[in-house]
Amino acid sequence: MILDGKVVAKTIKSKVKYAVSDIAKAKNIVPHLVVIQVGDDPASSVYISGKQADCAEVGIKFTWKHLKADTTEIELKQLISRLNKSQTVTAILVQLPLPKKINPNILDSISPKKDADGLNPENIAALYKGKSGIIPCTPKGIIEILKYYDLPIVGKKAVIVGRSQIVGKPLALALLNENATVSICHSKTKNLSEETKTADILIAAIGQANFIKKEMIKKDVILIDVGINRVDGKLCGDIDFNDCKDNCMAITKVPGGIGLMTRAALLENVFELFLKNNAGKKI
């Protein structure tokens, strides 16, 4: 079975669009997302354009703050501070990657009440404690696509290949909160195939094209591909789709899978932040 991110994302966006419209009619206000880009990374510009289109589709106001590559860390922090204090800005997102001269920890300066990516230490702490909060977009999207297709999580062995701050680590917490048994593998893991073969749910998030092969998985595993790689001008994931698709229970595609779920989860986060700051309730 192919897990279609396009179908699930469309369902989520329809839900958010209806909710935004309802609020706009009742209170004459809408959520407002500000995305900050530093420099001119082409891939970042493409991703931001996609987020802009998504926001337009569901009625969320979108502002793109495009800063020069020579912007200093102090200048970026000052902008974030102004946006934190703004009465009209619902959510803030700093597009990664940042120039090397800027410490990625600057993301911590985004108020947890406006943290669209869910990466502020306060939001990560809530995830750690199993409390309600803003969940990072990719982990949130992965949980949602599994639930949409009614795939079992409780009691299942989930193996994550990749330990990034954005995907691997918060995803482990999110899966634990869903009562999965979780292992994280990484570049120092010995006998990786032995670990991946134990997975009921295998999530690949390492940025290596077609890395996971059929000999690394067991029959009837659920395969979630977070990777986005370009090979010979075409996009592909970290899982070799053609090699694995006939040896699993379910699999996501690249493109058309978790990337779309991540974008849909962002819209949910923006609206949830809006409600928390304006009405004190969730969607």
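Look up a bit, the structure's there.
Residues numbered from 1 in each chain as written. Predicted model: local features only at pLDDT ≥ 70, side-chain atom pairs only at ≥ 80, totals over all residues. Heavy atoms only, no water.

*Asks:* I tried to follow the overall build of the chain on my own but got confused; where do I start?
*Replies:* Secondary structure assignment for the chain yields nine helices and 11 strands. Its C-alpha radius of gyration of 19 Å places the chain within 12% of the 19 Å reference for a compact globule of 283 residues. Structurally, the chain occupies a C-alpha span of about 55 × 45 × 35 Å along its principal axes. For the chain, the residues scored as buried account for 48% of the 283 residues in total. Taking the intrachain contacts of the chain between residues at least 6 apart in sequence as the baseline, contacts between residues at least 24 apart amount to 69%. Of the roughly 13900 Å² of accessible surface on the chain, 51% is carried by carbon and sulfur atoms. Put simply, the chain has 41 plus and 29 minus side-chain charges, and the middle of one group is 5 Å from the middle of the other. (Helix = DSSP H or I, 4+ residues; strand = E, 2+ residues; numbered from the N terminus. Rg over C-alpha atoms; globule rule 2.2 N^0.38 Å. Buried < 20%, exposed > 50% of the residue type's maximum accessible area, 1.4 Å probe, protein only. Contact = heavy atoms within 4.5 Å. Areas by Shrake-Rupley, 256 points an atom, 1.4 Å probe, with all protein chains shown as cover. Lys, Arg positive; Asp, Glu negative; His and termini not counted. Charge placed at Lys NZ, Arg CZ, Asp CG, Glu CD.)

*Asks:* Help me out: how do you make sense of the nonpolar core in this one?
*Replies:* Soluble, globular proteins show a tendency: their nonpolar side chains are buried together. L33, I60, L175, I203 and I224 are the most contacted members of the largest nonpolar core, which totals 54 residues. Top element by residues in this core is helix α9 (residues 258-278). It accounts for 11 residues. Core analysis: the next-biggest nonpolar cluster, separate from the first, contains 17 residues, V34, V89, I106 and I110 among them. (Core = buried A, V, L, I, M, F, W, Y, C linked by side-chain atoms within 4.5 Å.)

*Asks:* Is there a simple way to explain the sheet that holds strand β4 (residues 91-94) in this structure?
*Replies:* Think of a sheet as strands paired side by side through backbone hydrogen bonds, with each pair either parallel or antiparallel. Strands sit in the order β3-β2-β4 across an open sheet of three strands; the sheet is parallel. The open sheet has two edge strands, β3 (61-67) and β4, and neither has a second partner. Looking at each pair of strands side by side, their axes are set apart by 15 degrees on average, direction ignored. Pairing of strand β2 (residues 32-38) with β4, which is carried by four bridges, proceeds in the parallel orientation. Looking at β4, one finds that I36 is bridged to V94. The sheet contacts of helix α2 (residues 42-58) involve β2, β3 and β4, and relative to β3 the element is tilted by about 160 degrees. (Pairing = 2+ DSSP bridges. Axes fitted to C-alpha atoms, helices over the stretch in contact; angles between N-to-C directions.)

*Asks:* Help me out: how do you make sense of empty space enclosed by the protein in this one?
*Replies:* To locate leftover empty space, one rolls a probe as large as a water molecule over the atoms. Under the criterion given, the structure shown has one cavity of 30 Å³ or more. Counted as a void, the largest cavity has a volume near 50 Å³. I92, L93, V94, L107, I110, D115, D117 and L119 together form the lining of the largest cavity. Taken together, the residues that form the lining of the largest cavity break down as six nonpolar, no polar and two charged. (1 Å grid on protein atoms, 1.4 Å probe; cavity = no way out; pocket = protein on both sides within 12 Å on 5 of 7 lines; lining within 4 Å. Points joined across faces, edges and corners; volume = space filled by probe spheres on them. Nonpolar A, V, L, I, M, F, W, Y, C, P; charged D, E, K, R; others polar.)

*Asks:* Whenever I open this one, the side chain of T196 confuses me. Can you help?
*Replies:* Within the element layout of this structure, T196 appears in helix α7 (residues 192-196). Since its relative accessible area comes to 0%, T196 is described here as buried. Excluding anything up to four places from it in sequence, T196 contacts V159, V161, L202 and M216.

*Asks:* How do you make sense of the sheet that holds strand β7 (residues 201-204) when you look at a structure like this?
*Replies:* An order of β1-β11-β8-β7-β5-β6 is seen for the six strands of this open sheet, with the pairing classed as parallel. Single-partner strands in this sheet number two, and they are β1 (2-3) and β6 (181-185). Direction of pairing for β1 relative to strand β11 (residues 248-252): parallel, over a ladder of two bridges. Bridged to I2 within β11 is I251.

*Asks:* How should I be thinking about the pairing of β11 in this particular structure?
*Replies:* Judged by how many residues are buried, β11 sits mostly within the fold: four of five residues are covered. Here three bridges tie strand β8 (residues 221-225) to β11, and the two strands are oriented parallel to one another. In the sheet register, I222 faces β11, and the bridge partner there is A250.

*Asks:* Sorry, what's going on with the side chain of Q95 here?
*Replies:* Residue position: Q95 is located in the loop between β4 and α4 (121-128). Within the local environment of Q95, its side chain forms a polar contact with the side chain of K51, the two groups lying 2.6 Å apart. For Q95, the residues in contact, after removing those within four places along its chain, are V35, I36, S44, Y47, I48 and K51. (Polar contact = N/O pair within 3.5 Å; in protein donor to acceptor, adjacent residues only side chain to side chain.)

*Asks:* Hey, could you run me through the packing of aromatic side chains in this one?
*Replies:* Aromatic rings considered in pairs are described by the distance between their centres and by the relative angle of their planes. By the definition in use, this model includes two aromatic pairs. Taken together, a centroid distance of 5.2 Å and an interplanar angle of 75 degrees make the contact between Y148 and Y149 edge-to-face. On the basis of relative accessibility, which here comes to 40%, the residue Y148 falls in the partly exposed class. Ring geometry for F271 against F274: centres 5.9 Å apart, planes inclined by 25 degrees, an arrangement best described as stacked. With a gap of three residues between them, F271 and F274 both fall in helix α9, about one helical turn apart. Pair check on accessibility: F271 and F274 agree, each one buried. A cation over an aromatic ring shows up here: K253 above the ring of F241, its NZ or CZ 5.6 Å from the ring centre. (Phe/Tyr/Trp six-rings, centres within 6.5 Å; stacked < 30°, edge-to-face > 60°. Lys NZ or Arg CZ within 6 Å of the ring centre and 35° of its normal.)

Geometric values such as these leave the question of function open.
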